[in-house]
Amino acid sequence: MAEFINLALLAMLALTALRVIFLKDLFAVVMLFGIYSFLSALIFVNLDAVDVAFTEASVGAGISTVLMLGTLALTGRTEKENKHSSVLPLLVVTVTGAALIYATLDMPPFGHPDNPIHQHVAPRYIEESPKEVGLPNMVTSVLASYRGFDTLGETVVVFSAAIGVISLLGFRRREENDTPKSGLKEHHVLRVVAKIIIPLIILFALYVQFHGDFGPGGGFQAGVIAAAAFILYALVFGLPLAFAVISPKFLQVMASFGVLLYAGVGLYSMSQGGQFLDYNKLAADPVAGQHYGILIIELGVGITVFAVMLSIFYAFDSQVERSNVQ
Amino acid sequence: MNFINDYYNYWIVVFLMMTGFYIVISANNLVKKIVGLNIFQTSVFMLYISMGKISGGTAPIVAEGVTQYSNPLPHVLILTAIVVGVATTAVGLSLIVRIKRAYGTVEENEFENKDDAI
């Protein structure tokens, strides 16, 4: 049964991607991309990657779509007719594709337990991590503990992306009183529903943050979900009110605080005589130390991801509102 | 049927990768290029997760009575890659916004000869 679901979902994914090529209406392209992300999330669930599915659904279908729509509002929604011939690209793609298909025949067959990928470090993660780290969710153990250094790097990359976006776009200055109509305040149903749903989204984000050790979830997902709550607020009630709730300056402080919190745990464990990010030294009992370490660094990740996603949205939305004034 | 089942996931991955690649090299519109790049990226995610799957296994969260878990390592790599992916996509999109402001267009063939516009 699972194989048939896999077959059908992957075929739908391929068709969605194929349709993107021929569409000239970029609004439809972005919507199709949202569908594409949701389909990917379903496939990830079917392939046992529940944490990944969670992230894909909130990031790919949520934040990416909003950002792309914001860009379209500034750059126009139709693609112009392409005068170049598409023979050469098609040829390149066909040849490369054929070579890759030929190469897949050398891949280990899908789903077999004795494939090389399952022989190296994975058995240790699966057998030892519940004892060594003491968490049921192995993905969180590997993410935050075994590969904690890697995750610190990823958090820094996310942080630098925010710096890039802010320096390219910047936020709107606070001088104008001739603000255009901002938000969707005249839609009463939307306003009431948003008011009810925003606290629930934030509550859910907190649950995902702190329950990530035991079930699917963690700092990355929680940060994105919390940012989605504030993005919804900014969309419905307008950017000036959102700036009053969380100012861009505060977000910048938050984004750097998260990274520093993460790195600070590493430095603290060094001061206790361990290696960088060696959580065993954080408490007398190594397993308790792992718990503290993972809780704190996940919090750091959550804070940074939240602040970065919301800053990026603020930067794009400021541009859209500025172009509305002109 | 067995042969198809063994390699089907990889073929779809190659198809998606080539679709994304085609969009990147043939599309004129920069936003569409970014969508193509994202499709390419997702195909890599799909490849990693497909390799981590074990038939008959479950999600790598300890539960009673389960002996076979799928490989958690690709999940970790891809989870962070997705978040980094959206952050870098945002940088790409903001570059497009600046290009639009400087050149007045986001169609690649239209700003070929506008090098001295700014």
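Position numbers for residues count from 1 along each chain, tracking the sequence in the order it is written. The lettering of chains begins at A and the numbering of ligands begins at 1, in the order of writing. Where local features are concerned, this predicted model is filtered to residues with pLDDT of at least 70; where side-chain atom pairs are given and counted, the filter is 80 or more; whole-chain, interface and lining totals use all residues. In computing side-chain values, all of the structure's heavy atoms are included and hydrogens and water are not.

1. Examining the overall build of chain B
Stated precisely, the cut-off is as follows: The helix count covers DSSP runs of H or I at least four residues long, the strand count covers runs of E at least two residues long, and both are numbered beginning at the N terminus. A radius of gyration in this sense is built from C-alpha atoms; the matching globule rule multiplies 2.2 Å by the number of residues raised to 0.38. For every residue, the accessible area (1.4 Å probe, protein chains only) is compared with the maximum for its type, and the residue is labelled buried under 20%, exposed over 50%, or partly exposed between those bounds. Any pair of residues with heavy atoms lying within 4.5 Å of one another is described as a contacting pair. For the purpose of counting charges, residues Lys and Arg are taken to be positive, whereas Asp and Glu are taken to be negative. His and the chain ends are not included. Here the site of a charge means NZ on Lys, CZ on Arg, CG on Asp, or CD on Glu.
Counting its secondary structure elements, chain B contains three helices and zero strands. Here the C-alpha radius of gyration of chain B, 20 Å, is well above what a compact globule of 118 residues would show, namely 13 Å. Each principal axis of the C-alpha distribution contributes one length, and for chain B these read about 65 × 30 × 10 Å. A total of 118 residues make up chain B; the buried ones form 58% of that total. Relative to all contacts within chain B whose residues are 6 or more apart in sequence, the contacts with residues 24 or more apart total 44%. Charge centroids of chain B, computed over 7 positive and 8 negative side chains, lie 7 Å from each other.

2. Details of the nonpolar core
In a soluble, globular protein the nonpolar side chains are often hidden away together inside. Residue and element names in this part refer to chain A. Our working definition: The nonpolar core is taken to be a set of buried Ala, Val, Leu, Ile, Met, Phe, Trp, Tyr and Cys residues, with the residues joined through side-chain atoms within 4.5 Å. For the domain bounds, the source is a domain assignment made automatically or taken from a database.
Within the largest apolar cluster, 117 residues are counted, with the highest numbers of intra-cluster contacts made by Phe-306, Tyr-314 and Phe-316. The greatest single-element share of this core, amounting to 16 residues, is contributed by helix α12 (residues 286-325). Looking at which domains feed residues into this core, each of domain 1 (1-107) and domain 2 (138-326) supplies at least three. Ignoring any residue separated from it by four or fewer positions in sequence, one finds Phe-306 in contact with Gly-223, Ala-226, Ala-227, Phe-230, Ile-246, Leu-251 and Met-254.

3. Regarding the interface of chain A and chain B
The cut-off we apply is this: Accessible-area loss on putting two parts together, using a 1.4 Å probe and summing over both, is the definition of buried area adopted here. Residues are grouped as follows: Ala, Val, Leu, Ile, Met, Phe, Trp, Tyr, Cys and Pro are nonpolar; Asp, Glu, Lys and Arg are charged; every other residue, Gly included, is polar.
At the interface, 94 residues of chain A touch 82 residues of chain B. Considering only the side of chain A, the residues that lose the most area to chain B are Asp-48, Phe-110 and Leu-168 of chain A, jointly responsible for 9% of the buried surface there. For the side of chain A that touches chain B, the leading source of residues is helix α3 (residues 50-75) of chain A, giving 14 residues. Of the residues in the side of chain A that touches chain B, the class split is 62 nonpolar, 22 polar and ten charged.

4. Some thoughts on the domain arrangement of chain A
Residue and element names in this part refer to chain A. Our working definition: The term salt bridge refers to a pairing of a side-chain nitrogen on Lys or Arg with a carboxyl oxygen on Asp or Glu at a separation within 4 Å.
When its domains are assigned, chain A resolves into domain 1 (1-107) and domain 2 (138-326). For domain 1 versus domain 2, the distance between C-alpha centres works out to 26 Å. Both sides of the domain 1 and domain 2 interface together cover about 1300 Å² of buried area, and 83% of this is carbon and sulfur. Contact with domain 2 buries area across many residues of domain 1, yet Asp-51, Phe-54 and Ile-63 alone supply 42% of it, more than any other trio. Scanning the region where domain 1 abuts domain 2 turns up zero salt bridges. Among the residues forming the side of domain 1 that touches domain 2, the class breakdown is eight nonpolar, four polar and one charged.

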